[in-house]
Amino acid sequence: MTIVRTEKLSKVYNADTVPVHALNNVCIEIDEGEFTALRGPSGSGKTTLLNMIGGLDKPTEGKVFINGEEISKMKDSQRIDFRLRNIGFVFQHYNLIPVFTAAENVAFIMMLQGRDKREIQERTNKLLDQVGLGDRKDARPAQLSGGQQQRVAVARALASEPRFILADEPTANLDTKAAMNLLDIMEKMNREQSITFVFSTHDQRVIDRARRVITMVDGAIDQDEIQDPDNTQAG
Amino acid sequence: MMTFLKLAWRNIWRNKRRTMITISAIVFAVLAAIVMQSMNRGSYEVMIDRMVSFSTGYLQVQDYRYDSEASLDNAFHYDDALREKVLGADPRITIVVPRLETFMLAANDVSTRGAIVFGVKPEKEQDFNQIGNYLAEGRFVEANEQAVVMGKGLADRLQLGVGDTLALIGQGRFGMSASGLFEITGLIEHPIHDMNNSAVFLPLGTAQELLSAEGHITGLLISVQQARQTDAVARSLRSTLEDSELVVFTWPELMPELLELMEMDLAVPRLLTVVLYVVIGLGFFGTVLTMTMERLREFGVLLSVGMKRGSLSLVLLIETLIISVMAVTSGIVLSWVLLKLVDPITLSGDAAQAVIDMGFDPIIPMSFAPDQFFIQGLYVFLIALLVFLFPLIKVLRLNILEAARS
Ligand SMILES: Nc1ncnc2c1ncn2[C@@H]1O[C@H](COP(=O)(O)OP(=O)(O)OP(=O)(O)O)[C@@H](O)[C@H]1O
Ligand SMILES: [Mg+2]
């Protein structure tokens, strides 16, 4: 089943001064259960594409459908609500709420969804256990390492039970061990709960572990290939 | 909601020192404003009390015609029944004082002067304004005595003293001629200058007889427990006297010039308060401004993970309100304690002497009227709401991506 579909997606920044064509007629489809990497040189439009798909920004032209709903034409408040119910985000810079503990950061999303208190607590514990932070629940972001913070961010992204998670360079600030650890967690969730992951990255080790790799150049899709992560890893 | 409160609370304490400085500044403003107002109000309450008890009373009952024509013809009948009725109208009434007032000529054997003649009940008058304490010489008149007490200024002009005889000449009720000779039992150093130069006090019965006004008075002066109860008591009195020919006036209606004077005097402290709050408001605004600007990126994250702009604004509103509630409460508590500690301020030296010369006690009592505490709280809340407009507009206009980039 298709989760994300874009139709001739274009984005022009600074249209009235020095126009930057960040995206040109991008058409992609992403199916449920994919584990897809988005790669390309700096400035090729990866972040822009993720923002459009996640409804954080509006395209200049073209359409974005999530689960068949056209997110690109929703009003601001509708989009916020839609994101809360359907999309999880992990950003390059951890972006946790500094005054909340790890557990509170995760629970906050569910609180916004208006869930039952006990359910929130159980699910928070479960999610933090899943990302291997069961013993650091009450730590504030400042007391966690970069990798730990990024794992909290993944747990938070999962809290709302989204169908898919968008991650913009989730491993960019992590060392190899932490990056691989985060990938393990994401992969496990993808395999066991068939949560769809789309992440941008420059990191070859991360790209090697994706099953589909989309390469962007100058705001357009240059290559789109399926790979066998176990093979590439071995080779 | 609890989560929003928690978020707001922790955000406030992210920068403890800044928050404490902001709160202290507001506490200081509230404290200064309340103390300033309390002192002013306290001294004005004393002043009003003096003015009012030596002239009009907080409230005065008159015949409805007396206001347009202050003549003995428009006096009204006063007896125990009316007295009970008035006293029963409101429990906050402490004392009722009947007076029969008219204008006459006061004369010695060679010259005459205009005089305001008061028929009074000596013991009531003493309860009401302790007039006996202002005797310069002699004693106050006793009930039904054929005698007068007069302002020392008037006596000096007529070159009369205690034991001399004063002639009063004038008109009684309905044009009856009225004149009589009275022994002077005492001279009053009246605290109100004009009265010192014109007042003559007779026992009420004697005055009624002189003026052919048996059983009549021109005004019934009424005291209340506290000056600020005047309007409320006026309302209950008015409804009690609804069906009669009697009307009720309050002291601001009887002495509008006194109120004007007070308003003028209060203008300066009011202006100071406004300046104080403008300065404090700017400081508060500065704190909220930095608290907002340094968190724009965080706001972007909150919005991108699904927090509604309305909820985020609510959190920021709570932050502003928590700061102001803490500041206002401590300001009010501190000022109350401070006022209790200094109350009443006893003047000393020249200032004290000047006040004593005017016939006042050399103390400034503090006012504890509750509204002055609440009003300052209200001002701070209004400032807080005004200050809150900035983060509100920022959040409503925030572009999520730009915020996340910053
Ligand atoms: N807000 C903006 N205003 C103007 N130009 C922008 C804006 N955001 C991105 N761009 C431009 O759009 C193009 C695509 O940027 P984008 O951030 O999508 O690239 P990217 O592939 O994510 O790069 P990187 O790998 O460095 O993160 C770039 O040329 C960039 O300068
Ligand atoms: Mg990018």
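Residues numbered from 1 in each chain as written. Chains lettered and ligands numbered in written order. Predicted model: local features only at pLDDT ≥ 70, side-chain atom pairs only at ≥ 80, totals over all residues. Heavy atoms only, no water.

1. Details of the overall build of chain A
For chain A, the helix and strand inventory stands at 8 helices and 11 strands. Across its three principal axes, chain A shows a C-alpha extent of roughly 50 × 45 × 35 Å. In chain A, which comprises 235 residues, the share counted as buried stands at 57%. In chain A, once contacts between residues fewer than 6 apart in sequence are set aside, the share between residues at least 24 apart is 68%. (Helix = DSSP H or I, 4+ residues; strand = E, 2+ residues; numbered from the N terminus. Buried < 20%, exposed > 50% of the residue type's maximum accessible area, 1.4 Å probe, protein only. Contact = heavy atoms within 4.5 Å.)

2. Brief notes about the overall build of chain B
A count of helical and extended segments in chain B gives 15 helices and 14 strands. Taken over C-alpha atoms, the radius of gyration comes to 31 Å for chain B, far larger than the 22 Å a tight globule of 406 residues would show. When its C-alpha atoms are laid out on the principal axes, chain B stretches across 100 × 55 × 30 Å. Expressed as a percentage of its 406 residues, the buried residues of chain B come to 50%. Contacts in chain B between residues at least 24 apart in sequence constitute 77% of all its contacts with a sequence separation of at least 6. Accessible surface, chain B: about 19,100 Å² in total, of which carbon and sulfur atoms supply 60%. Computing the positive centroid from 32 side-chain charges and the negative centroid from 43, chain B places the two 23 Å apart. (Rg over C-alpha atoms; globule rule 2.2 N^0.38 Å. Areas by Shrake-Rupley, 256 points an atom, 1.4 Å probe, with all protein chains shown as cover. Lys, Arg positive; Asp, Glu negative; His and termini not counted. Charge placed at Lys NZ, Arg CZ, Asp CG, Glu CD.)

3. Here we look at the domain arrangement of chain B
Considered domain by domain, chain B is made up of domain 1 (2-50 + 261-405) and domain 2 (65-244). Placing the centre of domain 1 of chain B and that of domain 2 of chain B at their C-alpha centroids yields a distance of 49 Å. (Domains from an automatic or database assignment.)

4. Observations regarding the packing of aromatic side chains
Residue and element names in this part refer to chain B. Inspection of the entire model under this criterion finds 12 aromatic pairs over all chains. Geometrically, the ring pair formed by Tyr-277 and Tyr-379 is edge-to-face, given 5.9 Å between the ring centres and 80° between the ring planes. Note that Tyr-277 is positioned in helix α10 (residues 256-293) and Tyr-379 in helix α14 (residues 370-397), a separation of 102 residues in sequence. Classification of Tyr-277 by relative accessible area gives buried; the value is 7%. (Phe/Tyr/Trp six-rings, centres within 6.5 Å; stacked < 30°, edge-to-face > 60°.)

5. What to know about the nonpolar core
Membership of the largest hydrophobic core comes to 120 residues, with the highest contact counts inside it found for Leu49(A), Phe108(A) and Phe199(A). Excluding its chain neighbours within four sequence positions, the residues that come into contact with Leu49(A) are Leu9(A), Leu23(A), Val26(A), Ile28(A), Leu38(A) and Met216(A). Judged by nonpolar contacts, the second largest core, of 54 residues, contains Leu59(B), Leu158(B), Leu211(B) and Leu241(B). (Core = buried A, V, L, I, M, F, W, Y, C linked by side-chain atoms within 4.5 Å.)

6. Quick word on the pattern of salt bridges
All told, the structure shown has 29 salt bridges over all chains when counted by the stated rule. A salt bridge links Arg209(A) to Glu187(A), with the nearest nitrogen and oxygen atoms 2.7 Å apart. Highlighted residues: Arg209(A) in the loop between α7 (204-207) and β10 (212-217) and Glu187(A) in helix α6 (residues 176-193), separated in sequence by 22 residues. The two residues Arg209(A) and Glu187(A) agree in class, both being buried. One salt bridge connects Arg18(B) with Glu294(B), and the closest N-O pair in it is separated by 2.9 Å. Highlighted residues: Arg18(B) in helix α2 (residues 16-54) and Glu294(B) in the loop between α10 and α11 (296-304), separated in sequence by 276 residues. (Salt bridge = Lys/Arg side-chain N within 4 Å of Asp/Glu carboxyl O.)

7. Some details on the packing of α11(B) against helix α12 (residues 309-342) of chain B
Residue and element names in this part refer to chain B. Two numbers describe how α11 lies on α12: the axes approach to 10 Å, and their chain directions differ by 140°. Comparing the axis directions of α11 and α12 gives the class oblique. By crossing handedness, the relation of α11 to α12 is classed as right-handed. Residue-level inspection shows Phe-299, Leu-302 and Leu-303 of α11 in contact with α12, the latter providing Arg-309, Leu-312 and Leu-316. (Axes fitted to C-alpha atoms, helices over the stretch in contact; angles between N-to-C directions. Parallel < 35°, antiparallel > 145°, perpendicular 65-115°, else oblique. Left-handed = near helix turned anticlockwise from the far one by under 90°.)

8. Observations regarding the side chain of Thr250(B)
Residue and element names in this part refer to chain B. With respect to the helices and strands, Thr-250 occurs in strand β12 (residues 246-250). The class of Thr-250 is buried, set by a relative accessible area of 5%. The residues touching Thr-250, leaving out its near neighbours within four places in the chain, are Tyr-58, Leu-59, Thr-230, Asp-231, Ala-234 and Arg-238.

9. Points about the interface of chain B and chain A
When the parts of a complex come together, some accessible area is lost, and that lost area is often used as the size of the interface. Taken together, the contact between chain B and chain A spans 20 residues of the former and 24 residues of the latter. Both sides together, the interface formed by chain B and chain A hides about 2,100 Å², and carbon and sulfur atoms give 65% of it. Joining chain B to chain A, the criterion identifies 4 salt bridges. The partner of Arg10(B) in a salt bridge is Glu104(A), and the shortest N-O contact between them spans 2.5 Å. At the boundary of chain B with chain A, the tally comes to 8 residue pairs in polar contact (both at pLDDT 80 or more). When contributions to the side of chain B that touches chain A are tallied by element, the ones reaching two or more residues are α1 (2-12), α11 and α15 (400-405) of chain B. (Buried area = accessible area lost by both parts, 1.4 Å probe. Polar contact = N/O pair within 3.5 Å; in protein donor to acceptor, adjacent residues only side chain to side chain.)

10. Re the pairing of strand β1 (residues 2-13) of chain A
Consecutive side chains of a regular strand alternate in pointing toward one face of the sheet and then the other. All names here are of chain A. Pairing of β1 with strand β3 (residues 29-31) involves 3 bridges; the strand directions are antiparallel. Considered in β3, the bridge of Arg-5 is made with Glu-29. Here β1 pairs with strand β5 (residues 61-66) via 5 bridges, running antiparallel. Note that in β5 the partner of Ser-10 across the bridge is Glu-61. The pairing of β1 with strand β2 (residues 20-26) spans 4 bridges and is classified as antiparallel. (Pairing = 2+ DSSP bridges.)

11. What about helix α8 (residues 230-240) of chain B?
Restricting attention to buried positions, one finds in α8(B) the residues Thr230(B), Val233(B), Ala234(B), Ser236(B) and Leu237(B). Elements that come into contact with the buried residues of α8(B) comprise β1 (59-63), α3 (80-89), β3 (93-107), β11 (219-224), β12 and α9 (251-254) of chain B.

12. Regarding the confidence of the model for chain B
Residue and element names in this part refer to chain B. Averaged over all residues, the pLDDT of chain B is 88; the fraction at 70 or higher stands at 97%. Here helix α13 (residues 349-357) is the element of chain B with the lowest mean pLDDT, 67, and strand β9 (residues 199-203) is the one with the highest, 96. If you check the scores for this complex, the pTM reads 0.73 and the ipTM reads 0.82. (pLDDT = per-residue confidence, 0-100.)

13. What to know about the sheet that holds β10(A)
Residues and elements named next belong to chain A. Spatial ordering of the open sheet is given by β7-β8-β9-β4-β10-β11, a layout of 6 strands whose pairing is mixed. The sheet is open, and its two borders are formed by β7 (87-90) and β11 (220-226), each paired with just one other strand. Taken pair by pair, the neighbouring strands of this sheet meet at an average axis angle of 15°, ignoring direction. One ladder, built from 4 bridges, connects β7 with strand β8 (residues 164-168); its direction is parallel. Its bridge partner lying in β8, Gly-88 is registered against Ile-165.

14. Describing the side chain of Glu125(B)
Residue placement: Glu125(B) occurs in helix α4 (residues 122-129). A residue is classified by how much of its surface remains accessible, and Glu125(B), at 0% relative accessible area, is buried.

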